[in-house]
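# Architecture and fold: a report
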Amino acid sequence: MKNYLDSQKWRYATKKYDATKKVSAEDLALLKEAVQLSVSSVGLQPYKVFIVESQEMKEKLAAGASGNNATLFKESSHIFIFANEVNVGNEQVDKYIENVSEVRGIPVEAVAGFGDYIKGFIGTLTEEQKNTWTAKQTYIALANLIHAAPLLKIDATPMEGFDPATINEILGLSAQGLNASLVATIGYRHEEDANQHFIKVRKPENELFVTI
């Protein structure tokens, strides 16, 4: 636990990356596994995660980022784009139930009731509510990335400062029933990034926690 807490004290929202340093394939695989293992409501994981390492594509995507985020897109080692499924429905649930059946080695019929439960829940939601729900799931997955990266001494910057429509168009997400909801850049802090020297500021324990 101490290693985890120390890593959280070490991390900050990096504002300038060293573009000459790249995350290794081995560390990238660990980050992907951390995201893959994220908590998700009913286990559905109604999103996809696009990992951009091509410099050409990072340059293109920068057109959809605002302010300094465009520079972060270009200088980072990789960009993680979390795209939630739009208007999720029975098709996604059936696919998930098939996966449960295969991974656990049990008949689909054994988990059909669980699938019906999920469909029933989704069926009560409007399209807007579904999209809000699936977008919120990406925040949980992002948290896993943000928590795992500093354990590897990798910097990460989560951001909402981008135009989803532009990102969707460049990556063709809308045609896949997806929408870019969150972005995180990863890499290694530049020695000129002054933010790394600032003391982390958070609410004191007595203001943040209420024990009942």
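Definitions and cut-offs
- Residues numbered from 1 in each chain as written.
- Predicted model: local features only at pLDDT ≥ 70, side-chain atom pairs only at ≥ 80, totals over all residues.
- Heavy atoms only, no water.
- Phe/Tyr/Trp six-rings, centres within 6.5 Å; stacked < 30°, edge-to-face > 60°.
- Helix = DSSP H or I, 4+ residues; strand = E, 2+ residues; numbered from the N terminus.
- Pairing = 2+ DSSP bridges.
- Axes fitted to C-alpha atoms, helices over the stretch in contact; angles between N-to-C directions.
- Contact = heavy atoms within 4.5 Å.
- Buried < 20%, exposed > 50% of the residue type's maximum accessible area, 1.4 Å probe, protein only.
- Lys, Arg positive; Asp, Glu negative; His and termini not counted.
- Salt bridge = Lys/Arg side-chain N within 4 Å of Asp/Glu carboxyl O.

Scanning the model with the defined rule gives three aromatic pairs in all. Here the aromatic rings of Tyr-96 and Phe-114 are separated by 6.2 Å at their centres, their planes lie at 65°, and the arrangement is edge-to-face. Taken as a pair, Tyr-96 in helix 5 (residues 90-104) and Phe-114 in helix 6 (residues 112-123) lie far apart in primary sequence, 18 residues in all. Judged by centre distance (5.3 Å) and plane angle (80°), the ring pair of Phe-121 and Trp-133 falls under edge-to-face. Of this pair, Phe-121 sits in helix 6 while Trp-133 is found in helix 7 (residues 127-151), placing the two residues 12 residues apart along the sequence.

Taking strand neighbours across the sheet as the criterion, the four strands line up as 1-2-4-3 in an open arrangement whose pairing is antiparallel. In the strand order of this sheet, the two ends are held by strand 1 (47-52) and strand 3 (155-159), each with one partner. The mean inter-strand angle of the sheet, taken between neighbouring strand axes irrespective of direction, is 25°. The pairing of strand 2 (residues 78-85) with strand 4 (residues 178-187) spans eight bridges and is antiparallel. Looking at strand 4, one finds that Glu-85 is bridged to Leu-178. Of the strands in this sheet, strand 2 and strand 4 touch helix 8 (residues 164-171), which is tilted by about 90° from strand 4.

Inspection of the secondary structure assignment puts Glu-85 in strand 2. One buried charged residue, Glu-85, remains without a salt bridge, the closest side chain of opposite sign being Lys-48 at 6.5 Å.

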